[in-house]
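Descriptive analysis of the structure
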Amino acid sequence: ISIPVSEVPRKRAVSADLCRSFLTFEIPPECKGARKAQFGQDIAKLSFCLAAINTVDLYKLRKADLKNGLIGYCRSKTSSRRKDGAYIEMRVTSMAGELIEKYRAQKGDVLLSFSERFSNAQSFVAYVDAGIKKLCEIMGMKKDDYLTFYTFRHTWATIARNECGASLSEVGFAMNHLQSDGVTRGYIKPDFTPAWELNENVNSFVFGDAASDVSHTTDALPKDDGFVLRPQTLIRAAAFFQGKCLANFEDIGYSNIEEVTKALVAQFPADIPDRSMVQFKIVNCDNGKVYVYEHQKGKGF
């Protein structure tokens, strides 16, 4: 009996440009299915910003899993087959932190509000893919080219390997895949810093430097976390749109964030589409504190 060789599965990764376009696309609020599309985009972006965490693991996150700007969890798919329980810790970037705040649960011990809206993880996963499909439709993509949630896991891995120069083992470690030395890993307390740095490099490559900054507001800290500006403070400020720097400067003389925002916006090109989200980054050069935020054209500027 001759058993035919199975075909190698088609790679589901897309280019960094298409990934960026999808995750930063401004969805017209008046179009049909806008809310579903926005949800699909948000969850795809949140996953991508956390080193391509699975939807099921997002659904199961507890408030206790988020400590000191780190999310620690056991990967559901392989936790029962690994000595270390498939545990990983991922540092929360600023963009991920904003989405966590947007979907933070108001009650119970779950971190995100998905269980308040969906009866189980399977229905959550199905709705995320439906939202991604809806956004593909809104963007005018051909049906054969529609993306899925797993597109972004594959794309994260591909960018990490091909654009950020990570080895296959480094990519696997950051994505919490089963390693050949799994038994040994069960005895060693791992240092997840390389995974954090690789994830931040991938985020920076796709969204720009502002997106890779570490979040300072995801542990239920007040929004004003001590970031203060005075006229004598030396600052570095920059603004990013779809991964490209629109404006930047280093100067003194600013008393608050609004003044810095206006100075950056004054340098923007006129062709930025309405409702576009722009990421802003301010660094206090005196104490090293970083403040990252977003504004929408037509509302915030």
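Up top is the structure these notes are about.
Here the structure is a predicted model, which means the values were calculated and not measured.

**Focus: the environment of alanine 16**
Here alanine 16 is to be found in helix 1 (residues 16-24). Overall, alanine 16 belongs to the buried group, its relative accessible area being 14%. A C-alpha to C-alpha distance of 9.2 Å links alanine 16 and glutamate 163, two positions 147 residues apart in sequence. In this structure, alanine 16 is in contact with Ile159 and Phe205, ignoring residues within four places of it in sequence.

**Comments concerning unusual backbone geometry**
Most of the time, phi is negative for any residue but glycine, and the peptide bond is trans. Here alanine 51, not a glycine, exhibits a phi torsion of approximately 60°, which is positive. By secondary structure assignment, the location of alanine 51 is in the loop between helix 2 (34-49) and helix 3 (55-60).

**Things to note about the packing of aromatic side chains**
Tallied over the entire structure, the rule returns 21 aromatic pairs. Plain terms: the ring middles of phenylalanine 173 and phenylalanine 192 are 5.8 Å apart, the flat faces sit at 10° to each other, and that makes the pair stacked. Remark: phenylalanine 192 occurs in the loop between helix 9 (182-185) and helix 10 (193-207) and phenylalanine 173 occurs in helix 8 (residues 168-174); sequence separation between them is 19 residues. Overall, phenylalanine 192 belongs to the buried group, its relative accessible area being 5%. Following the ring pairs from residue to residue traces out a cluster consisting of Phe39, Tyr59, Tyr103, Phe114, Phe118, Phe124 and Tyr127. Here the guanidinium or amino end of arginine 117 rests over the ring plane of phenylalanine 39, the centre of that ring lying 4.7 Å away.

**Notes on helix 1**
Along helix 1, the residues that are buried comprise Ala16, Cys19, Arg20, Phe22, Leu23 and Thr24. Contacts from the buried residues of helix 1 go to helix 2, helix 6 (121-138), helix 7 (149-162) and helix 10.

**Considering the environment of serine 119**
Along the chain, the position of serine 119 falls in the loop between helix 5 (114-117) and helix 6. A distance of 3.5 Å separates polar atoms of two side chains, one belonging to serine 119 and the other to asparagine 120.

**Brief notes about the sheet that holds strand 4 (residues 235-241)**
Read from one edge to the other, the open sheet built from 4 strands follows the order 5-4-6-7, with strand pairing classed as antiparallel. Two strands lie at the open edges of the sheet, namely strand 5 (244-251) and strand 7 (290-296), each paired on one side alone. For this sheet, the mean angle separating the axes of adjacent strands, direction not counted, is 15°. Sheet topology places strand 4 next to strand 5; 7 bridges connect them, and they run antiparallel. Bridge assignment links alanine 239 to a residue of strand 5, and that residue is alanine 247.

**A closer look at the side chain of lysine 45**
Structurally, lysine 45 can be placed in helix 2. One buried charged residue, lysine 45, forms no salt bridge at all, with the nearest opposite charge on glutamate 294 at 5.0 Å. Among the polar contacts made by the side chain of lysine 45, one reaches the main-chain carbonyl oxygen of leucine 23 at a distance of 3.1 Å. Beyond its immediate chain neighbours, meaning those up to four positions away, lysine 45 contacts Leu23, Met95, Leu99 and Phe207.

The rules behind these values
Residues numbered from 1 in each chain as written. Predicted model: local features only at pLDDT ≥ 70, side-chain atom pairs only at ≥ 80, totals over all residues. Heavy atoms only, no water. Helix = DSSP H or I, 4+ residues; strand = E, 2+ residues; numbered from the N terminus. Buried < 20%, exposed > 50% of the residue type's maximum accessible area, 1.4 Å probe, protein only. Contact = heavy atoms within 4.5 Å. Phe/Tyr/Trp six-rings, centres within 6.5 Å; stacked < 30°, edge-to-face > 60°. Lys NZ or Arg CZ within 6 Å of the ring centre and 35° of its normal. Polar contact = N/O pair within 3.5 Å; in protein donor to acceptor, adjacent residues only side chain to side chain. Pairing = 2+ DSSP bridges. Axes fitted to C-alpha atoms, helices over the stretch in contact; angles between N-to-C directions. Lys, Arg positive; Asp, Glu negative; His and termini not counted. Salt bridge = Lys/Arg side-chain N within 4 Å of Asp/Glu carboxyl O.

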